[in-house]
Amino acid sequence: MTESQAFGHMSKGIWWVEDYFSGRGLVAYQIEKFLFDEQSDYQRVRIFDTKDYGRVFTLDDLMMTNELDEFAYHEMLVHIPLLAHPNPEKVLIIGGGDGGSLREATKHPSVKEARLCEIDGMVVEAAKQYLHYTNAGFNHPSSIVTIGDGIEFVRQHPNSYDVILIDSTDPVGPAEALFAEAFYNDVLTCLRPGGIVAQQTESPYFTPQSVKMIYSILHKVFPHVHTYMSMIPGYPSGAWSFSLVSKDVETPTQHFNSQRVKALGDLKYYVPEMQQSAFVLPAFVQKLVKGE
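Being a predicted model, the structure only gives us computed values, none of them experimental.

Colleague: Explain the confidence of the model for the protein chain residue by residue, including any values.
Modeller: Looking at the protein chain as a whole, its pLDDT mean stands at 92, while 91% of the residues score no less than 70. In this model, residues 1–5 is a region of pLDDT below 50 whose contacts with residues beyond four sequence positions or in other chains number eleven contacts.

Colleague: Tell me about the nonpolar core, and please be specific about residues and values.
Modeller: Core analysis: the biggest nonpolar cluster contains 57 residues, and Phe57 and Tyr228 have the highest contact counts within it. It is helix H2 (residues 70–84) that provides the largest number of residues to this core, a total of ten residues. Within the second largest apolar cluster, 32 residues are counted, among which are Ile151, Tyr184, Val197 and Val285.

Colleague: Provide a residue-level description of the layout of surface pockets, including the pertinent values.
Modeller: Each pocket or cavity is described by its volume, and for the second largest pocket that value is around 180 Å³. Taken together, Tyr215, His219, Val225, His226, Thr227, Pro252, Phe279, Leu281, Gln286, Val289 and Lys290 make up the full set of residues lining the second largest pocket. No other element matches the three residues that strand S12 (residues 224–231) contributes to the lining of the second largest pocket. Classifying every residue of the lining of the second largest pocket by side-chain character gives six nonpolar, four polar and one charged.

Colleague: Tell me what's going on with the packing of aromatic side chains, and back it up with residues and numbers.
Modeller: Each aromatic ring pair is specified by the distance between its two centres and by the angle formed by the two planes. For the structure on display, the rule yields 14 aromatic pairs. Where tyrosine 29 meets tyrosine 53, the ring centres are 4.5 Å apart and the plane angle is 80 degrees; that geometry is what we call edge-to-face. A residue pair is termed long-range when its members are at least 10 positions apart, and tyrosine 29 in strand S3 (residues 25–39) and tyrosine 53 in the loop between strand S4 (44–50) and strand S5 (55–59) qualify at 24 residues. Residue classification places tyrosine 29 among the buried positions, given a relative accessible area of 1%. Aromatic pair phenylalanine 36 and tyrosine 130: ring centres 5.9 Å apart, planes at 50 degrees, arrangement tilted. Taken together, the residues phenylalanine 36 in strand S3 and tyrosine 130 in helix H4 (residues 121–130) connect sequence positions 94 residues apart. Both residues of the pair, phenylalanine 36 and tyrosine 130, count as buried. Cluster of aromatic residues (ring-pair linked, three or more members): Tyr73, Tyr228, Tyr235, Trp240, Phe242 and Phe279. Just above the ring of tyrosine 161 sits the side chain of lysine 90; from NZ or CZ to the centre is 4.9 Å. Its end group placed over the ring of phenylalanine 138, lysine 128 keeps NZ or CZ at 5.5 Å from the ring centre.

Each value, and the rule that gives it
- Residues numbered from 1 in each chain as written.
- Predicted model: local features only at pLDDT ≥ 70, side-chain atom pairs only at ≥ 80, totals over all residues.
- Heavy atoms only, no water.
- pLDDT = per-residue confidence, 0-100.
- Contact = heavy atoms within 4.5 Å.
- Core = buried A, V, L, I, M, F, W, Y, C linked by side-chain atoms within 4.5 Å.
- Buried < 20%, exposed > 50% of the residue type's maximum accessible area, 1.4 Å probe, protein only.
- Helix = DSSP H or I, 4+ residues; strand = E, 2+ residues; numbered from the N terminus.
- 1 Å grid on protein atoms, 1.4 Å probe; cavity = no way out; pocket = protein on both sides within 12 Å on 5 of 7 lines; lining within 4 Å.
- Points joined across faces, edges and corners; volume = space filled by probe spheres on them.
- Nonpolar A, V, L, I, M, F, W, Y, C, P; charged D, E, K, R; others polar.
- Phe/Tyr/Trp six-rings, centres within 6.5 Å; stacked < 30°, edge-to-face > 60°.
- Lys NZ or Arg CZ within 6 Å of the ring centre and 35° of its normal.

Here it is as structure tokens:
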């Protein structure tokens, strides 16, 4: 999408519209103020304040997070897998330069190392300065930030992490390799025994072929593959899918202890019942992830 398509002057000021495939404008924000707008080596990074959604962060004019509903994404990407693991001490986040997943991972008392591996240093620096609603984890004692290629990082660190969170953009451009079989094989090697991986896996409504493709590859690499969903209004269709995969952990509730949720403090979206209920899928999504 070009800049002229993303931003338009309307009767009530300047609006940003996400044109998400097939010419459909799905989300629109009335802009109050631009805070950051730079081209990195990888993508266009923009942060701006809006009238109703609060502060918005976009990459190449696709919305990554907004202040109103980011918790519905980050809490579900992070807490489902960490609570499925009996004792997550080392967590690796691939991507996620806005800091939201890091913020949630550092809430777990068992986590001794929460490493963020983000390829675009500009995203991290912009988040530290402007994304007050996601950047708290950067200052946590267990946090480590590595600016570099996550694909190469997992390749060089076998048997190192209990939980790996792949907090990527859509499977196009720089993020395309994060949905490839070769990468998943390296991720499997990077896990410690009993390790778990979670990843966002797109919208089953608007990108069903991408969902089908991702799960066909996951099933080739991991013995246990589970799909769960969250409602995120700012994302296309509002219904978003995630994967929970492992070599050893057979179900999301195998090691779950609801008492551990209390230590996380006040959460906005996740509740203990979701450790099971989030995996109850509509019939058409069940068919998609099975490759039908």
